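# Coordinate analysis (summary)
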Amino acid sequence: MVVPQAIQNQLKKEAFYGCVICGCPVLEFVDFNRKGTYPDESRQQEVFLPENMVAICPSHNIKFQTGEIDYTLLASSKNSPFNNVHDDLAFATTSPDELAVSLGGCTFVNTSRLLVVDDFDLINIRRMDQRFIVMDVNFFNKNNELVGIMFENSWSSERSKIGDWSIEYLRPKRLIISNKRENMSFEARIENGNHLRLLADGLWYNSRKIQINRSEVLLDGTEIGADIKGTVLTNYDVGIGAESAIF
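By convention here, each chain's residues receive numbers from 1 onward along its written sequence. Totals for whole chains, interfaces and linings use all residues, but because this is a predicted model, local features are given only for residues with pLDDT of at least 70 and pairs of side-chain atoms are given and counted only at 80 or more. In computing side-chain properties, one takes all heavy atoms of the structure into account and sets aside hydrogens as well as water.

### A short note on the overall build of the chain
- A run of DSSP states H or I qualifies as a helix once it reaches four residues; a run of E qualifies as a strand once it reaches two. Both are numbered from the N-terminal end. A tally of regular secondary structure across the chain gives four helices and 18 strands.
- We compute the radius of gyration from the C-alpha atoms alone; for a globule the expected value is 2.2 Å times N to the 0.38, where N is the number of residues. A compact globule built from 247 residues would reach a C-alpha radius of gyration of about 18 Å, and the chain, at 18 Å, matches this within 12%.
- Judged by the C-alpha coordinates and their principal axes, the chain covers about 55 × 40 × 30 Å.
- Under the scheme applied here, a residue whose accessible area is under 20% of the maximum for its type counts as buried, over 50% as exposed, and between as partly exposed, the area being computed with a 1.4 Å probe on protein chains only. Counting over 247 residues, the chain shows a buried share of 53%.
- By definition, residues are in contact when any of their heavy atoms lie within 4.5 Å. For the chain, the share of sequence-separated contacts (at least 6 apart) that also reach a separation of at least 24 residues comes to 58%.
- For the accessible areas, the method is Shrake-Rupley and the probe is 1.4 Å, while residue cover comes only from the protein chains on display. With an accessible surface of roughly 11300 Å², the chain has 48% of that area assigned to carbon and sulfur atoms.
- Positive charges come from Lys and Arg, negative ones from Asp and Glu, while His and the chain ends are left out of the count. Positions of charges follow a simple convention, taking NZ of Lys, CZ of Arg, CG of Asp or CD of Glu. The averaged location of the 33 negative side-chain charges in the chain is 4 Å from the averaged location of its 25 positive side-chain charges.

### A closer look at the environment of G105
- Position of G105 among the secondary structure elements: in the loop between β3 (100–103) and β4 (106–109).
- Residue classification places G105 among the partly exposed positions, given a relative accessible area of 26%.
- Aside from chain neighbours lying at most four places away, what touches G105 is R214, S215, E216, K229, G230 and T231.

### With respect to the pattern of salt bridges
- Each reported salt bridge corresponds to a side-chain nitrogen of Lys or Arg within 4 Å of a carboxyl oxygen of Asp or Glu. Per the stated rule, a full pass over the model turns up 15 salt bridges.
- K229 is paired through a salt bridge with E223; the nearest N and O atoms lie 3.4 Å apart.
- Classification of E223 as partly exposed rests on a relative accessible area of 25%.
- What emerges from the salt-bridge pattern is a single network uniting R113, D119, D121 and D237.

### Describing helix α3 (residues 71–79)
- Turning to α3, its buried residues are L74, S77 and K78. Down the axis of α3, the buried side of the element spans an arc of 105°, and every buried residue falls inside it.
- Contacts from the buried residues of α3 go to α1 (5–14), β1 (28–31), β2 (53–56) and α2 (58–65). What the arc covers is the set of directions going from the helix axis to the C-beta atoms.

### Description of the side chain of S102
- Position of S102 relative to the elements: it lies in strand β3.
- Setting aside its immediate chain neighbours within four residues, S102 contacts T107, H195, L196, R197 and L198.

### Description of α2
- Burial in α2 covers these residues: P58, H60, N61, F64 and Q65. The buried residues of α2 occupy one face: seen down the axis, they fall within an arc of 160°.
- Each element contacted by the buried residues of α2 is listed here: β1, β2, α3, β9 (154–157) and β10 (165–170).
- Count one or two residues on from α2 and you reach G67, which has phi positive near 85°.

### Re the environment of R131
- Take R131: it is sitting in the loop between β6 (120–128) and β7 (132–140).
- For the pair formed by R131 and P4, sequence separation is 127 residues and the distance between their alpha carbons is 24 Å.
- Residue contacts for R131: discarding those within four places in its chain leaves D87, A92 and T93.

Encoded structure:
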């Protein structure tokens, strides 16, 4: 069941860009008047009524599908989403001032396309309503298979391997996405109000391994972006870019 993008956008906005139950910014979309989002998606009638739908994180989606939580919680949370009640815990900056993102040893201000390889965006980050962080992250494995996608915080992965993914929203404002089977991890943390720090290990593109630590961005073990290391760069078209063919 693929929810139309316009309805996804509506549900994200009314949820203040977080799971209505816990505030996690990684989102899926369910109709709380029916179950069966999976495993048998093919038999579901694709009729989408936003008033009966809600944005929740993958963990709470699983609990809904298995009956650990019921539709009454989703319906009440839709009318009183977590991020509206607990604004201080939302994955959002504290003011509309410029967003700074730390990627390896560099800091980028007002730069959305943060990591680009072969002109393909692997990490793209921006804000909605001048506060809420929305992210595009493409999770390739070493076989160059796209095993997970986050697009404007909407989450998609192979349903047959959903158990491989762990998505945690920790306090304060720390998101961790990991996949034990693929030995893959991604972390985004808001620090000091308007500063976002990114860390990653085991991401891949074109069979080249990507690692992001506090001081380096590595492609196949070689640092990229070394010439701008230690700088603060504003309004760049691309933060760190590389060509996989040279590695």
